[in-house]
Amino acid sequence: MNRDDLFEFKMSFFDNAPEFEYIELYQVGESHLDTGAKIEEHRQVCHEVTCVISGMGTIYSDNQPVDCTVGDIHIISKGVTHKIESKSMTKLHFINFAFGFTKNAPKEFVEFFDNLHSIVVKDTGKIRTMLNMLVDEYYSNSSFTGEMRESLTRLILISIWRTVNIRTSGYNSSSNEENKQRIVYRIMRHIEKNFSENITVKDIAEAFSYNSNYLSHLFKKQIGMPLKEYIIAVKMKKAQSLLADGKSSLSEIAMLCGYDSVSSFCRTLKKHTGNTSSTYKKGLIDIE
């Protein structure tokens, strides 16, 4: 390919891979593909993770295309043919992480990555953050950088293992009740942290790599309330506190609760609580 189409920073260790306990690190780095550019097809000599940071592209595994966008984590196994293309209308920025295992690696871990072949999961932010941190550790050579590289390498693979297993267990009817409760609890925490965003059921499903219908059904069964209604309930609870506090304007509160307009916010508040914003501002109702 034309090298003007590609900017990259990569550290490769295929001839002398550093060993982090039972993990062999072959390559880590980031690439920026110009619009319509591509990484030519090649056969993987090790496992590889590709995390899309910005833009959109198509990743091919054994000639099977998968469109990827921001937050997508693409994992392929050793031996799979692989190429990456950016879309014609957008550049593509991604981090790649290539690895293998030593002979003393846990059998469960080795078999897991050997048998993945090719899969895409949606990252909740943790994997991308750790990959960025790992790249930074190879950009510079600070104190304890060796310890940081080893810790991050292990944490990234464990997080990927968990993410894929959570996704696949979501469709397993034999998943135990404790696991389902754990999923719902994580979703509730996610909503509490992100109530100021205009989050939807679809957004949450993508963030946790689940089917929207499955997630809605699971949430209602566990909580007794549809997921969509729970999102609104969290926003309205926060809105009531902000209104009663009296330190923020109505437009600021609407924005803080993830609403694009004051009118939309006020309609939702009235429908959900039966009261207007002025009722709370005047302190006529106690906030539970």
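Keep in mind the model is a prediction, meaning the values are calculated, not measured.

A. Highlighting the packing of helix α7 (residues 227-245) against helix α9 (residues 262-273). Where α7 contacts α9, the axes come no closer than 10 Å and their chain directions differ by 100 degrees. The angle between α7 and α9 falls in the class roughly perpendicular. In contact with Ile-232, Ala-233, Met-236, Ala-239, Gln-240 and Leu-243 of α7, α9 contributes Phe-265, Thr-268, Leu-269, His-272 and Thr-273. Its residues assigned to classes, the contact of α7 with α9 shows seven nonpolar, four polar and no charged.

B. Seen up close, the pairing of strand β10 (residues 92-101). Counting buried residues along β10, ten of its ten residues qualify, which places the element largely inside the surrounding structure. Alternating positions in β10 separate into two faces, Leu-92, Phe-94, Asn-96, Ala-98 and Gly-100 on one and His-93, Ile-95, Phe-97, Phe-99 and Phe-101 on the other, with burial throughout. The pairing of strand β3 (residues 23-33) with β10 spans ten bridges and is antiparallel. Following the sheet pairing, Glu-24 is matched in β10 by Gly-100.

C. View of a positive patch on the surface. Where like charges cluster on the molecular surface, the positive patch consists of Lys-126, Arg-162, Arg-189 and Lys-193. Structurally, the position occupied by Lys-193 is in helix α4 (residues 177-193). Relative accessible area serves as the criterion here: at 61%, Lys-193 is assigned to the exposed category.

D. The arrangement of the packing of aromatic side chains in detail. Counted by the stated rule, this structure contains 14 aromatic pairs. Of the aromatic side chains, those joined through ring pairs into one cluster are Tyr-22, Phe-97, Phe-99, Phe-101, Phe-109, Phe-112, Phe-113 and Trp-161. Directly above the ring of Tyr-60 sits Lys-83, whose terminal nitrogen or CZ lies 4.7 Å from the centroid. Arg-149 extends its terminal NZ or CZ atom over the ring of Tyr-138, reaching a point 3.9 Å from the ring centre.

E. Structural view of the pattern of salt bridges. Applying the stated criterion to the full structure yields five salt bridges. For Glu-111, the salt bridge goes to Lys-107, with nearest N and O atoms at 3.9 Å. Placement of both Glu-111 and Lys-107 in helix α1 (residues 107-114) is noted, with a separation of four residues, approximately one turn of the helix. For Glu-111, a relative accessible area of 39% corresponds to the partly exposed category. A relative accessible area of 62% places Lys-107 in the exposed class.

F. A look at the confidence of the model for the chain. Per-residue confidence for the chain averages 85 on the pLDDT scale, and 90% of its residues sit at or above 70. In the model of the chain, helix α10 (residues 277-281) stands out as the element of lowest mean pLDDT, 68, in contrast to β10, which has the highest, 95. This stretch, residues 284-288, has a pLDDT under 50; its non-local contacts, to residues over four places away or in other chains, come to ten contacts.

G. Region of interest: the pairing of strand β6 (residues 57-61). Of all five residues in β6, five are buried; the element is thus mostly enclosed. With burial as the criterion, each face of β6 is covered, one bearing Gly-57, Ile-59 and Ser-61 and the other bearing Thr-58 and Tyr-60. Relative to strand β7 (residues 64-68), β6 runs antiparallel, the two being bridged by five bridges. Residue pairing for β7: Thr-58 is matched across the bridge by Asp-67. The antiparallel pairing of β6 with β7 creates a hairpin that spans two residues between the two strands, and Asp-62 there sits at a positive phi of about 50 degrees. Relative to strand β9 (residues 81-86), β6 runs antiparallel, the two being bridged by five bridges.

H. Representation of helix α6 (residues 212-223) in the model. Helix length check: α6 (twelve residues) gives 16 Å between terminal C-alpha atoms against 16 Å at 1.5 Å per residue, within 8%. Restricting attention to buried positions, one finds in α6 the residues Leu-215, Leu-218 and Phe-219. The arc enclosing the buried residues of α6, seen along the axis, measures out at 100 degrees, which places them on a common side. Along α6, exposed side chains directed more than 90 degrees from the buried face belong to Asn-213, His-217 and Lys-221. Within two residues after α6, Gly-224 carries a phi angle of roughly 85 degrees, on the positive side.

I. View of the nonpolar core. Core analysis: the largest hydrophobic core is formed by 34 residues, its most contacted members being Ile-75, Phe-97, Phe-101, Phe-113, Leu-157 and Ile-160. Of all elements in the fold, only β3, β5 (47-55), β8 (72-76), β10, α1, β11 (118-122), α2 (126-139) and α3 (145-169) reach the threshold of two or more residues within this core. Tallying contributions element by element places α2 first for this core, with six residues. In this view, Phe-113 contacts His-47, Ile-75, Ser-77, Phe-99, Phe-101, Leu-157 and Ile-160; residues no more than four positions away in its chain are not counted. Among the nonpolar cores identified, the runner-up in size contains 19 residues, and Ile-187, Phe-195, Tyr-230 and Ile-231 belong to it.

Basis of the calculations
Residues numbered from 1 in each chain as written. Predicted model: local features only at pLDDT ≥ 70, side-chain atom pairs only at ≥ 80, totals over all residues. Heavy atoms only, no water. Axes fitted to C-alpha atoms, helices over the stretch in contact; angles between N-to-C directions. Helix = DSSP H or I, 4+ residues; strand = E, 2+ residues; numbered from the N terminus. Parallel < 35°, antiparallel > 145°, perpendicular 65-115°, else oblique. Contact = heavy atoms within 4.5 Å. Nonpolar A, V, L, I, M, F, W, Y, C, P; charged D, E, K, R; others polar. Buried < 20%, exposed > 50% of the residue type's maximum accessible area, 1.4 Å probe, protein only. Pairing = 2+ DSSP bridges. Patch = residues over 30% accessible without salt bridge, like charges linked within 9 Å, V, L, I, M, F, W, Y side chains within 5 Å. Areas by Shrake-Rupley, 256 points an atom, 1.4 Å probe, with all protein chains shown as cover. Salt bridge = Lys/Arg side-chain N within 4 Å of Asp/Glu carboxyl O. Lys, Arg positive; Asp, Glu negative; His and termini not counted. Charge placed at Lys NZ, Arg CZ, Asp CG, Glu CD. Phe/Tyr/Trp six-rings, centres within 6.5 Å; stacked < 30°, edge-to-face > 60°. Lys NZ or Arg CZ within 6 Å of the ring centre and 35° of its normal. pLDDT = per-residue confidence, 0-100. Expected span 1.5 Å × (residues − 1). Arc of directions from axis to C-beta. Core = buried A, V, L, I, M, F, W, Y, C linked by side-chain atoms within 4.5 Å.

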